[in-house]
Structure formats: C-alpha cells, structure tokens
Amino acid sequence: MKRKDPALRLVIAAIIALVSFVYLLPIYVMLMTAMKTPAEITQRIYLLPGASAQIENFATAWRLIRPALTNSLIIAGTVTVLAIVFGSMSGYYLSRSRSLLARVLFILIGIALYLPYQVILIPLVQLMAWTGLALTHAGLILSYLVLNLPLASVLMGTFFLSIPYELEEAAAIDGASRLQIFARIVTPLSTPAYASTAIIVFTQVWNEFLLALTLATPRTTTVQIKLAEIKGSYVALYNLQMAAALITALIPLMIFLLLGNYFVRGLLAGALRG
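**Student:** Just to check I follow, could you spell out the overall build of the protein chain for this structure?
**Tutor:** Along its length, the protein chain carries 12 helices and 0 strands. The N-to-C order of helical and strand elements in the protein chain reads α-α-α-α-α-α-α-α-α-α-α-α. Taking the principal axes of its C-alpha atoms as reference, the protein chain extends roughly 75 × 65 × 30 Å. Out of the 274 residues belonging to the protein chain, those deemed buried represent 36%. Considering only intrachain contacts with a sequence separation of at least 6, the fraction spanning at least 24 residues in the protein chain is 72%.

**Student:** Help me out: how do you make sense of the confidence of the model for the protein chain in this one?
**Tutor:** Regions with low pLDDT carry predicted coordinates that are not meant to be interpreted in detail. When the pLDDT values of the protein chain are averaged, the result is 84; 92% of them are 70 or greater. Within the protein chain, helix α4 (residues 100–114) has the poorest average pLDDT of any element, 80, and helix α3 (residues 56–96) the best, 91. Contacts for the low-pLDDT stretch residues 270–274, under 50 throughout, to residues beyond four places or in other chains number 3 contacts.

**Student:** Teacher, can you tell me more about the packing of α3 against helix α6 (residues 137–160) here?
**Tutor:** When two helices pack together, their arrangement is captured by the angle between the axes and the distance separating the axes. Here α3 crosses α6 at 40 degrees, and the two axes come no closer than 6 Å. By the angle class used here, α3 and α6 are oblique. As for how α3 packs across α6, the hand of that crossing is right-handed. Its residues placed into classes, the contact of α3 with α6 shows 14 nonpolar, 10 polar and 1 charged.

**Student:** Looking at this model, I keep getting lost on the nonpolar core. Mind explaining?
**Tutor:** Buried together is how nonpolar side chains tend to be arranged in soluble globular proteins. I75, V79, Y144, V205 and W206 are the most contacted members of the largest nonpolar core, which totals 35 residues. The set of elements that each furnish at least two residues to this core consists of α3, α5 (121–131), α6, α9 (191–207), α10 (210–215), α11 (223–230) and α12 (238–268). Leaving out residues up to four positions away in the same chain, V205 has contacts with I75, A76, V79, Y144 and N148. The next biggest cluster of nonpolar side chains, apart from the first, holds 13 residues, and it includes I181, V186, A193 and A198.

**Student:** Looking at this structure, how should I read the environment of A170?
**Tutor:** Within the fold, A170 resides in helix α7 (residues 165–173). Separated by 11 residues in sequence, A170 and I181 have C-alpha atoms that sit 9.8 Å apart.

**Student:** Teacher, can you tell me more about the pattern of salt bridges here?
**Tutor:** Oppositely charged side chains can pair when the atoms bearing their charge come close. In this structure the tally under the stated criterion is 3 salt bridges. Residue K226 pairs with E229 through a salt bridge whose shortest N-O separation is 3.7 Å. Of this pair, K226 and E229 are both found in helix α11, 3 residues apart, which corresponds to roughly one turn of the helix. Bridged by salt links that share partners, the residues R96, E168 and R178 form one connected network.

**Student:** Can you help me understand α5 in this one?
**Tutor:** An α-helical turn contains 3.6 residues, so a residue and the one three or four places further along point in the same direction. All of the buried residues in α5 are L121, L124 and M128. Projected onto a plane normal to the axis of α5, the buried residues spread over an arc of 65 degrees and lie on a single side. Turned more than 90 degrees from where α5 packs its buried face, I122, Q126, A129 and W130 sit exposed. Downstream of α5 by one or two residues, G132 has phi in the positive range, about 80 degrees.

Quick notes on the rules
- Residues numbered from 1 in each chain as written.
- Predicted model: local features only at pLDDT ≥ 70, side-chain atom pairs only at ≥ 80, totals over all residues.
- Heavy atoms only, no water.
- Helix = DSSP H or I, 4+ residues; strand = E, 2+ residues; numbered from the N terminus.
- Buried < 20%, exposed > 50% of the residue type's maximum accessible area, 1.4 Å probe, protein only.
- Contact = heavy atoms within 4.5 Å.
- pLDDT = per-residue confidence, 0-100.
- Axes fitted to C-alpha atoms, helices over the stretch in contact; angles between N-to-C directions.
- Parallel < 35°, antiparallel > 145°, perpendicular 65-115°, else oblique.
- Left-handed = near helix turned anticlockwise from the far one by under 90°.
- Nonpolar A, V, L, I, M, F, W, Y, C, P; charged D, E, K, R; others polar.
- Core = buried A, V, L, I, M, F, W, Y, C linked by side-chain atoms within 4.5 Å.
- Salt bridge = Lys/Arg side-chain N within 4 Å of Asp/Glu carboxyl O.
- Arc of directions from axis to C-beta.

As structure tokens, then:
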C-alpha cells in the first residue's frame, strides 16, 4: 500500500467508508428507535434521537426475552458443541480416507449441504414426532444438529487437508494410534477451524426462525420467535422490538469478537493448501 498511488489509496478508503456506512446505518436506526417512545416513532424521524433517551426500554425488553434467550443459548450452544465434536471426527475421516465409502459419503454430504432445509422440514417434523422428541429442547437440538452437521464436516475436513500428512506419519512411526494422532496432533493445530465452525454454526442456529416456529412451544420458544411476538398484535411496539433485537445481537457479536482472530484463517486454510 505504501508504494501505491495516493489517489488509489484515497479511493479504497472512500469505498471502505461507504460500505461501513451502509452496514452501520441500520444499526444506528435501530438504536435510535429503541430509545424513543411510540409517539416519537410515529413521527418517522428515524435518524434523529428522541426528546429524551428511553433507556428503560432495554430493561423492559430484557424482561420479555430473558426466558427465550436462555432457551436459545441452551439450544445453540449444545448444537455448536455437538457439531464441532462430530463434525471434526467425520471431517477427519473424509479428509484422510481414500476408500469408496468416503467418496460416497462426501457426495452425500455435499448434497445435504446445498439442499434447502425447507425441503426436509416436513419429514424432520414427522421424525421428531415419531421419536417423541417433538416440542422439546432435545428435539430442537437434534433437528439443528442434522441440518448443521454436514457444514461442520466440510469445514473441518477442508482445514484438515491443509495439515501436512507427514506429521501424522511421524507420530504413527512413534507408536501413536489414530485416535491419539487426532487428539494430540491434529486437534491442537486446528484451532482456527474449530473457531470458524463454532461461529458459523452458532450464528445459524441462533438466527433460525422457521424450524423454531414449527417445533417450539411456549416452554421452548427461542429468541427469534420472541422477537416477532414483542411487536404486538394491535399496537406496534417497535421501540421494544428494536431494543430486544439489539440485546439479542450482542451474544453472537461477542462470540465473533472472541473467536474472530481465527475466523478467516480457518475458512481459507483449505483454499491456501499447497
């Protein structure tokens, strides 16, 4: 960048500023709306703050979404952990095996990865009803695990391909078993892949709406369903809805900030192989 034309650097900076403005403007409008009264919102002056900041809207929104927030944390957290565990093992098998079975499984996982989950929504609900897990936390966890495990397997397997196989051969010569190689050599080197997979899976489960609407009950309502309910049936309480949406967005944002250093490295590892 130091050797590039100053005009080009200025253009790049302007583009970055414009893109940042486009992304941050909706968040700014949400924040302004969350701190207004319903009467101020009806004036449709979205970019200006209200006469006085209604901070109590956040406290009210927190009381409304707290049970649903707990449900989403339980469901999304459990699915993320299980997807990482099973996805890492299946991804390792797919990246190292040269058998016909591994190739067939890879094709099937690829099909499942690109298949819209709405296509299997009815069979999935019927399966949950048949197993007695419908309308329970376990049913939602199992359903989301079925939908996200193919993605976790592909992401983890792609990263494992970037790990030199010679390291595993050296460990095998020293007497390490396949399980020991995976646990003591491959896993410590795969922190970016685990972090990237965790961010993607957690965010997808956290933001999912349709499946939660189909399988959830008042006892298992997730936060996305609750956000839709907060607006109200007769009076649109957009200030409470925007306050609740901002609170809801903080959790995946904190996870991304915590693991974000590994995110891009984990996604690009397979592409940079060789």
